[in-house]
Amino acid sequence: MFEMGGGVEVKGGKKTKKEKKKERLEGVKKEMDIDDHEIPIEDLEQRYNTNVTTGMTSTFARQVLERDGPNELKPPKGTPEYVKFARQLAGGLQCLMWVAAAICFIAFGIELARGNFTCFDNLYLAITLIAVVVVTGCFGYYQEFKSTNIIASFKNLVPQQALVIRDGRKDTISAKELVVGDLVEVKGGDRIPADIRIITAQSCKVDNSSLTGESEPQTRSPECTHENPMETKNIAFFSTTVLEGVATGVIINTGDRTIIGRIATLASGVGNEKTPIAIEIEHFVDIIAGLAIFFGFTFFVVALFIGYSFLEAMIYFMAIVVAYVPEGLLATVTVCLSLTAKRLARKNCVVKNLEAVETLGSTSVICSDKTGTLTQNRMTVAHLWFDNHVHSADTTEDQSGQSFDQSSETWRSLARVAGLCNRAIFRPDQEGIPIPRRTVVGDASETALLKFTELTIGNIEQYRNRFKKVAELPFNSTNKFALSIHELEDPLDLRYLLVMKGAPERILERCSTILIKGQELPLDEQWTEAFQTAYMDLGGLGERVLGFCNIYLNEKEFPRGFSFDPDELNFTTSNLCFCGLVSMIDPPRATVPDAVMKCRTAGIRVVMVTGDHPITAKAIAANVGIISEGSETVEDIAIRKRIPVERVNPREARACVINGGQLKDMSSDELDDALRNHPEMVFARTSPQQKLIIVESCQRLGSIVAVTGDGVNDSPALKKADIGIAMGIAGSDAAKNAADMILLDDNFASIVTGVEQGRLIFDNLKKSIAYTLTKNIPELTPYLIYITCSIPLPLGCITILFIELATDIYPSVSLAYEKAESDIMNLKPRNPRRDRLVNESLAVYSYFQIGAIQSFAGFTDYFTAMAQEGWFPLLCIGLRGNWEDTHLQDMQDSYGQEWSFSQRLYQQYTCYTVFFVSIEICQISDVLIRKTRRLSVFTQGFFRNKVLMSAIVFQILLGNLLCYCPGMPNIFNFMPIRGQWWAVPIPYGILIFVYDEIRKLGVRRAPGSWWDQELYY
Amino acid sequence: MAKDGEKGGGWGEFIWNPRTREFMGRTATSWGLILLFYLVFYIFLAGMFALTMYVMLQTLDDHKPTWQDRLSTPGLMIRPKPETLEIIYNIHRTESWDMHTTALDRFLADYNNSVQMEKSDECVPDQYFKQDDSGDVKNNPKRSCQFNRTILESCSGLEDRYYGFQDGKPCIIIKLNRVIGMLPGRDGQAPFITCGAKPPLADRQLRLPPKKEDTEKVGEMVYFPPNGTFNLMYYPYYGKKAQVNYSQPLVAVKFLNITTNEDINIECKINANNIPPGSERDKFAGRVSFKLRINTHTD
């Protein structure tokens, strides 16, 4: 069933964009109205100028190849590189900085026009702002580029080959060179190289799961069984795999014109959602811009009032607005995110877009695949039933689990049957590899049995050699059993051993005795019932159950050399001895239950979306904890209470299993209801298209949704999701392209690690931003006081840039290494509408409290430096006019000494430097208090964050370098200052620390109080 | 924006929400509390600021700055002092130079012998006039030495009211910036001023002496007091509080036959064996340069 059209109709388009998409989807549907499968073969031959026995002529094939292009999916039109780069330059913060740079240029222009040729600060500032944006843009671009490369490296490097018949000759060519009309041959294990119409087929079965999500193998035969090309049996689709049998067919579509190609191109139609962090940053920019304009305007009015000219006031206005731009923040955010991205990459999550790192932290719903993500993606023996007991086998990946009692005689017989009646073999040269990971030739259940017996009874190859095989009948769907006949190990025992396995009920039919504790007992009612119970139990676990039996053939009837004919069954195949049942499942990965539990405590809902059978899906869901213990579905309740399903109140059921068929008939409101009412959801038998509907429904309910996927058809859902997670191993290129993140190990547990990191980075970014914002005030107040009180300028523009972009970057980044304050995985996901990255209380606390203290520290140091050099505080006020007069070379200070202009200028640089030092000292205190928002710094561990400690040392060293390196005064306006001036701001630093500890104490002691509300950020 | 979504009513409602009686998102009590909090907070901060400032001011000496890091090379300045330090005038047009002479008159008024006699003492020349405090007992007020206007002789403006401006032999007065406690000149050698042609920028960077022709254009100069010395008895300076009547010593330089109708760049330097040469960037540290152009056309 191809359900894409239906899926789209269900959600009943909301926006014009979706309307458009719908149209396109409909378009695809229409285009699929091909008749290549309906017309007689002769017409087909004519249409494509081919022949169903000898194929095309290679000359014509070449012409067609030229016309149609190679048979490959065009890589989805990647965004051009320059657009990617431009995107890096156009974020919220970047825009703020562009505006600031523009203002700087305007201010510089005005200054120039007024004939002030000495004031280049504005120009430097503008250039720096632009440089910061461009450099961080390059950085972000490089990150993206790097992760794209990692993804690219996963691309299948081995080109697919196809067996084609041209000019009557079979030839193996690259699948890329196939053209419409080519006659191709496929066999079990092949990937179908293009959309083909089947001409001949022998027991051919294909796996269409990558297209439709249906995991059951589907038969392909030459007959046209349905007018819908998606349903008919005589078309096999590009990229699906042949499970068994052989077939030949004529290619009817190649490349992007194949069904899968059309779907792949659809993904580009789904718009990318804005990431939560981008929204947060926009919100933050709003706050900053609002405050900047408020401050700027206030002082604009004040300046006019004081008596400055309009133009001067305008310049002040612009300068204040620009001073509010946190130049260093962009770099901090970028570096913090990429640090986390790096950390995630080590844990097998590759992030394509830096912002996705945080999105993961905000995630409230994970829609996860089952196969390969939650499970190990290999059939494994899970349970055995013998001696009237269910035994559990070890299903862990590394065989670390408990094994069962293997002393029973029955077990030995059962193992012998399992080992011998098995055609699967290990690929050679795999001695070094642990058994569970070796590759095997054979079908899934035989593989499981092979590995199981290899693990339990040792080298199975030698074991099989001891029992020489004389005949065998492989499994087929009519008999539903497989058997083989062996000579015995003991050369003196001339009996033959017949071993048989198959569907349990079929096996039981053929048995008359049952092996219990090594004793052959008659198979009476009681044992049959025991068998039925065990079979039901194991089947109820969603496991695939096989029955095993054997018999020693009568020596006289079947002497040595007897010619066994498996097709005729010229030997005993009834009255056998039943050995036991073995059930298999694709077991969950060991780490998954724990990870799901973590999600649960972290308030994240895990929804399973799988193409698998509902029972298996439910069993695995229960196994990994997606359906928790004690949760029941409506059906479970109905059975327990013995009432019809309709009479059960759906609200009583915590869990719910919905299969694709039901989902198709549900309206979007019903689906929303189901998702709202049942916390534990499993969607089974869903097509990848239905994933999109599920994702949209979750988003309607206000969740931030992470989706895992691997198939081409998952790409729309991956794109639609807030964060699409593609599988690195199993994932198709289309899925990887649409995703924001790639799991290199396909393991669900890695997602949880990602969530943890995402939450941590959100917390830590908050701290980094708070730290970075604080110093905005001590950078701004000097200018405000300079304007209003006409003191010599206490802090210069270049110095500010040094604080923003040199000394304080490392400490603010080091906060990204801070450990979480509490167990962040025990909290609910943040509410994107309430828990903002930068909220008002953070801004207010940073600006008006800590920032204010820092300003006072700076001014104390400034006035100290001025007074000790001869300029008393009261003299400073109103001094600016003369101070800045370049022609005044004998200006008197408070002592009557005379100063030349240059001497005053160097004194001013000294002031810049002491103000700089004050901010640095206070920022050291600031970075220490920002380690925690609630806990005491001492509880958190004062020295635990080594990076932060080294950042402080770095900050001090860099500060010293700037102050004392020769040549600094004339290059960057830093002066070697007196050591005492370093000490002046220390009391304020201590005040910041003590005050914040008091704040945190209050917040901890009185949660919900006024203090908590106003001062907790 | 998300803000609009949650606030519902947008900006209008944000400023005044009649339902919850909230102004800018807060009720009156809430505003009261938060403003009170900030009032207390800032009063505390201001108090701390005042306290630290008070402590700092206590450490200051009334008479001598704690540090004189910037003043190791005192600045030099000329009088008269036009904004751009370009003295350009025409000897035939009185209005082009009389502002200079009046400026000098005003500047030198304090040096009139009568004023000096009244305010200052006669000191022993050629040695520092030290008036040390004896321990804690301040020896204040400090006395000052007389610098009589007559020392400047023909540049005093007493004999020649126009300081030579009218006949193309102008006087320029040079003063050394006051720095508390400065003792210019070791071993009893008084610092002195020399003036000369200012070499062009490129030559200055190579520390070449001025070109001969430039020196010739400047012509002869005569210094008052003789040799252009600042007598040691005017040092050290004890600050405007302790030494209220301090008279800064001056040196006058008179250009006797400077080339007319041409821009002449002149640089005057202090020569003292213990004043370090100022930084290249500070054009007034221990030196001063100015442009002199005397036009003689009659039109």
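Structure first, text after, so check above.
*Asks:* Could you give an account of the state of the cysteines, with specific residues and numbers?
*Replies:* All names here are of chain B. Taken as a whole and judged by the stated rule, the model has 3 disulfides over all chains. Between cysteine 123 and cysteine 145 runs a disulfide, and the two sulfur atoms are separated by 2.0 Å. Every disulfide takes its handedness from the sign of the S-S torsion; for cysteine 123 and cysteine 145 that torsion is -110°, giving left-handed. Taken as a pair, cysteine 123 in the loop between α5 (113-119) and β5 (171-176) and cysteine 145 in the loop between α5 and β5 lie far apart in primary sequence, 22 residues in all.

*Asks:* Can you break down the nonpolar core residue by residue, with the values?
*Replies:* Counting residues in hydrophobic clusters, the biggest one holds 242 residues, and the most contacted among them are Leu129, Phe284, Ile626 and Phe748 of chain A together with Ile193, Phe255 and Ile266 of chain B. Ranked by residues supplied to this core, first place goes to helix α34 (residues 901-929) of chain A with 15 residues. Contacts of phenylalanine 748 of chain A, omitting those with residues within four sequence positions, involve Ile366, Ser368, Thr373, Leu374, Val592, Ala595, Val596, Cys599 and Val606 of chain A. If you look at the next biggest cluster of nonpolar residues, it comprises 32 residues, including Trp411, Ala415, Ala424 and Phe467 of chain A.

*Asks:* Give me the lowdown on the sheet that holds strand β25 (residues 723-727) of chain A, citing residues and values where you can.
*Replies:* Residue and element names in this part refer to chain A. Pairing in this open sheet of 8 strands is mixed, and the strands run β8-β26-β25-β24-β9-β21-β23-β22 from one edge to the other. Two strands bound the open sheet, and with one partner strand each, they are β8 (349-351) and β22 (655-659). Adjacent strand axes in the sheet meet at a mean angle of 20°, parallel and antiparallel pairs treated alike. Relative to strand β23 (residues 680-684), β22 runs parallel, the two being bridged by 5 bridges.

*Asks:* So what's going on with the pairing of strand β16 (residues 496-502) of chain A? Residues and values would help.
*Replies:* Residue and element names in this part refer to chain A. Of all 7 residues that make up β16, 7 are buried, and the element is covered over most of its length. Of the two faces of β16, the one lined by Tyr496, Leu498, Met500 and Gly502 and the one lined by Leu497, Val499 and Lys501 are each fully buried. The pairing of strand β15 (residues 481-487) with β16 spans 7 bridges and is antiparallel. In the strand pairing of β16, alanine 482 is matched with lysine 501. Pairing analysis gives 7 bridges linking β16 to strand β19 (residues 544-553), with the strands arranged antiparallel. Looking at the pairing, leucine 498 lines up with isoleucine 551 of β19.

*Asks:* Report on the sheet that holds strand β8 (residues 250-255) of chain B, specifying residues and quantitative values.
*Replies:* Residue and element names in this part refer to chain B. With respect to topology, 4 strands assemble into an open sheet ordered β3-β5-β8-β7, the strand pairing being antiparallel. At either margin of the open sheet sits one strand with a lone partner, and together these are β3 (76-79) and β7 (221-224). For this sheet, the mean angle separating the axes of adjacent strands, direction not counted, is 25°. Judged from the 4 bridges that link them, β3 and β5 form a sheet pairing that is antiparallel. Of the residues in β5, the one forming a bridge with isoleucine 78 is isoleucine 174. Contacts between helix α4 (residues 98-108) and the sheet are confined to β3, β5 and β8, with β5 contributing the most and set at about 40° to the helix.

*Asks:* Describe in detail the environment of alanine 684 of chain A, supporting the description with residues and values.
*Replies:* All names here are of chain A. Along the chain, the position of alanine 684 falls in strand β23. Judged by relative accessible area, alanine 684 falls into the buried class, the value being 0%. Spatially, the C-alpha atom of alanine 684 lies 5.5 Å from that of glycine 611, the residues being 73 residues apart in sequence. Beyond its immediate stretch of four places on either side in the chain, alanine 684 contacts Thr610, Asp612, His613, Pro614, Ala617, Ile658, Asn659 and Gly660.

*Asks:* Account for helix α23 (residues 668-677) of chain A, with residues named and values stated.
*Replies:* Residue and element names in this part refer to chain A. Among the residues making up α23, those that are buried are Ser668, Leu671, Asp672, Ala674 and Leu675. Down the axis of α23, the sector holding all buried residues measures 160°, keeping them to one side. Exposed positions of α23 whose direction lies more than 90 degrees from the buried face are Asp669 and Arg676.

*Asks:* Tell me about unusual backbone geometry, residues and numbers included.
*Replies:* Looking along the chain, the bond that leaves phenylalanine 224 of chain B and enters proline 225 of chain B is cis, with omega of -15°. Position of proline 225 of chain B relative to the elements: it lies in the loop between β7 and α8 (239-242). You will see that lysine 517 of chain A, though not glycine, has its phi angle at about 50°, which is positive. In this fold, lysine 517 of chain A is placed in the loop between β17 (511-516) and β18 (519-522). In this structure, arginine 685 of chain A takes a positive phi of about 55° despite not being glycine. Tracing the backbone through its elements, the reader meets arginine 685 of chain A in the loop between β23 and α24 (688-700).

Reading the values: the criteria
Residues numbered from 1 in each chain as written. Chains lettered and ligands numbered in written order. Predicted model: local features only at pLDDT ≥ 70, side-chain atom pairs only at ≥ 80, totals over all residues. Heavy atoms only, no water. Disulfide = S-S within 2.5 Å. Helix = DSSP H or I, 4+ residues; strand = E, 2+ residues; numbered from the N terminus. Core = buried A, V, L, I, M, F, W, Y, C linked by side-chain atoms within 4.5 Å. Buried < 20%, exposed > 50% of the residue type's maximum accessible area, 1.4 Å probe, protein only. Contact = heavy atoms within 4.5 Å. Pairing = 2+ DSSP bridges. Axes fitted to C-alpha atoms, helices over the stretch in contact; angles between N-to-C directions. Arc of directions from axis to C-beta.

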